[in-house]
Amino acid sequence: MGSPFDRLTAGLGKAAQAVVGAPHVFNAARAAGASSSAAADVMAASAAALQVAAARSDGTPGRQNAVRHFIWQAYIAGRHGAAVAEAVAAAHEEGRNTPHDTRVDLHNNAVGRAYGVAHAAEVGRGSLLDALRSLAVVAEEKWAAEELIWVRDR
């Protein structure tokens, strides 16, 4: 039958399972002052941002990743503060050996955090999925305006 954790993750999608397996993100949120429930919301936002960005993907190189990082950080900053969002982003990038991709992610994270802080009242309304879907519209506008960036092939 398995443990309660095994039963919980068995019903989750691949993206959610990956996030559940990333305790460093949860721990980073807690270390930045998030409550356990807020850190759990951060984890849920991480999984949901992957799914929302993938659902809106049009196949343009880099767009899905840029949208994902923007909406993820905007949501966390808007609902839990910039310090929690920044700590979680740093934990996510920790130990990666992809300097170009990391640079892009850090840029898109910062754009998302700034938006989330500036629009916290809007980001704070509704469900997690409603907020991420609304943020995806903003992310697409920022992508079109070239405010979000991606790693171009050399």
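What counts, and at which threshold
- Residues numbered from 1 in each chain as written.
- Predicted model: local features only at pLDDT ≥ 70, side-chain atom pairs only at ≥ 80, totals over all residues.
- Heavy atoms only, no water.
- Helix = DSSP H or I, 4+ residues; strand = E, 2+ residues; numbered from the N terminus.
- Buried < 20%, exposed > 50% of the residue type's maximum accessible area, 1.4 Å probe, protein only.
- Contact = heavy atoms within 4.5 Å.
- Core = buried A, V, L, I, M, F, W, Y, C linked by side-chain atoms within 4.5 Å.
- Phe/Tyr/Trp six-rings, centres within 6.5 Å; stacked < 30°, edge-to-face > 60°.
- Axes fitted to C-alpha atoms, helices over the stretch in contact; angles between N-to-C directions.
- Nonpolar A, V, L, I, M, F, W, Y, C, P; charged D, E, K, R; others polar.

Draft legend 1. Local environment of the overall build of the protein. A tally of helices and strands in the protein yields nine helices and zero strands. Going from N to C terminus, the protein has its helices and strands arranged as α-α-α-α-α-α-α-α-α. Relative to its 154 residues, the protein shows a buried fraction of 42%. A separation of at least 24 residues holds for 69% of the contacts in the protein among residues at least 6 apart in sequence.

Draft legend 2. Layout of the nonpolar core. Core analysis: the largest hydrophobic core is formed by 38 residues, its most contacted members being Phe70, Ile71, Tyr75, Ile76, Val88 and Leu135. Elements with a minimum of two residues in this core: helix H3 (23-31), helix H4 (36-55), helix H5 (63-80), helix H6 (82-93), helix H7 (99-118) and helix H9 (128-144). Setting aside chain neighbours within four positions, we find Phe70 in contact with Asn108, Val111, Gly112, Tyr115, Leu135, Val138, Ala139, Lys142 and Leu148.

Draft legend 3. Spotlight on the packing of aromatic side chains. Taken as a whole and assessed by the stated rule, the structure comprises one aromatic pair. Where Phe70 meets Tyr115, the ring centres are 5.7 Å apart and the plane angle is 50°; that geometry is what we call tilted. Pair noted here: Phe70 is in helix H5 and Tyr115 is in helix H7, with a separation of 45 residues, a long-range link. Judged by relative accessible area, Phe70 falls into the buried class, the value being 0%. The class for Tyr115 is buried, based on a relative accessible area of 14%.

Draft legend 4. Here's a closer look at unusual backbone geometry. Not every positive phi belongs to a glycine, and Glu146 is a case in point at roughly 60°. Residue placement: Glu146 occurs in the segment after H9.

Draft legend 5. Examining the environment of Ile149 more closely. For Ile149, the location among the structural elements is in the segment after H9. For Ile149, a relative accessible area of 22% corresponds to the partly exposed category. Between the C-alpha atoms of Ile149 and Asn65, which are 84 residues apart in sequence, the distance is 9.4 Å.

Draft legend 6. Seen up close, the packing of H5 against H6. At their nearest, the axes of H5 and H6 sit 7 Å apart, and the two run at 145° to each other. On H6, the residues that touch Arg68, His69, Trp72, Gln73, Ile76, Ala77 and His80 of H5 are Ala82, Val84, Ala85, Glu86, Val88, Ala89, His92 and Glu93. Residues that form the contact of H5 with H6 fall into these classes: eight nonpolar, four polar and three charged.

Draft legend 7. Spatial organisation of the environment of Ser134. With respect to the element layout, Ser134 can be found in helix H9. A sequence separation of 63 residues divides Ser134 from Ile71, and the C-alpha atoms of the two residues are 8.8 Å apart.

That's the geometry; what it means functionally is another story.
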